Amino acid sequence: MHAERLRFAEEPRTAVRFPGTGERESTSHSDRTRLPDRIVPGEEYRDATVAYRLATRLTGPEDEGTGSGSVGVS
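Since we're looking at a predicted model, the values are computed, not measured.

Caption draft 1: Main features of the pattern of salt bridges. Under the criterion given, the structure shown has 6 salt bridges. Among the ionic pairs, Arg57 bridges to Glu25, the shortest N-O distance being 3.1 Å. Of this pair, Arg57 sits in strand E3 (residues 44-58) while Glu25 sits in strand E2 (residues 24-33), placing them 32 residues apart in sequence. Each of Arg7, Glu44 and Arg46 takes part in one network of salt bridges that share partners.

Written as structure tokens, this is what we have:
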């Protein structure tokens, strides 16, 4: 995401969730340019960039009760 000008009315609340069942390995990382780790509400940030990466994969055995991706098959 890139913004020429960016201002927050309140401090952002962020969360990453992985709904569903099954064991998984996950990782996420963001690189910020011209944005502090903690945003100050009302302050204007100029020429700000955020690059966000997220990766996840299932690691446990396949659950046969979920249909394993077969749509419309009974």
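Caption draft 2: Spotlight on unusual backbone geometry. Positive phi outside glycine occurs at Arg34, with the angle close to 65 degrees. A positive phi is found at Asp47, a non-glycine position, where the angle reads about 55 degrees. The topology assignment puts Asp47 in strand E3.

Caption draft 3: Molecular detail of the sheet that holds strand E1 (residues 2-7). Spatially, E1-E3-E2 is the arrangement adopted by the 3 strands of the open sheet, whose pairing is antiparallel. The strands lining the two open edges of the sheet, one partner per strand, are E1 and E2. Each strand of the sheet is rotated relative to its neighbour by a mean of 40 degrees, with strand direction disregarded.

Caption draft 4: Just the nonpolar core, in detail. Counting residues in hydrophobic clusters, the biggest one holds 6 residues: Ala3, Leu6, Leu35, Ile39, Tyr45 and Ala48. The set of elements that each furnish at least two residues to this core consists of E1 and E3. In contact with Ala48, other than residues within four places in its own chain, are Met1, His2, Ala3, Thr33, Arg34 and Leu35.

Calculation criteria
- Residues numbered from 1 in each chain as written.
- Predicted model: local features only at pLDDT ≥ 70, side-chain atom pairs only at ≥ 80, totals over all residues.
- Heavy atoms only, no water.
- Salt bridge = Lys/Arg side-chain N within 4 Å of Asp/Glu carboxyl O.
- Helix = DSSP H or I, 4+ residues; strand = E, 2+ residues; numbered from the N terminus.
- Pairing = 2+ DSSP bridges.
- Axes fitted to C-alpha atoms, helices over the stretch in contact; angles between N-to-C directions.
- Core = buried A, V, L, I, M, F, W, Y, C linked by side-chain atoms within 4.5 Å.
- Buried < 20%, exposed > 50% of the residue type's maximum accessible area, 1.4 Å probe, protein only.
- Contact = heavy atoms within 4.5 Å.

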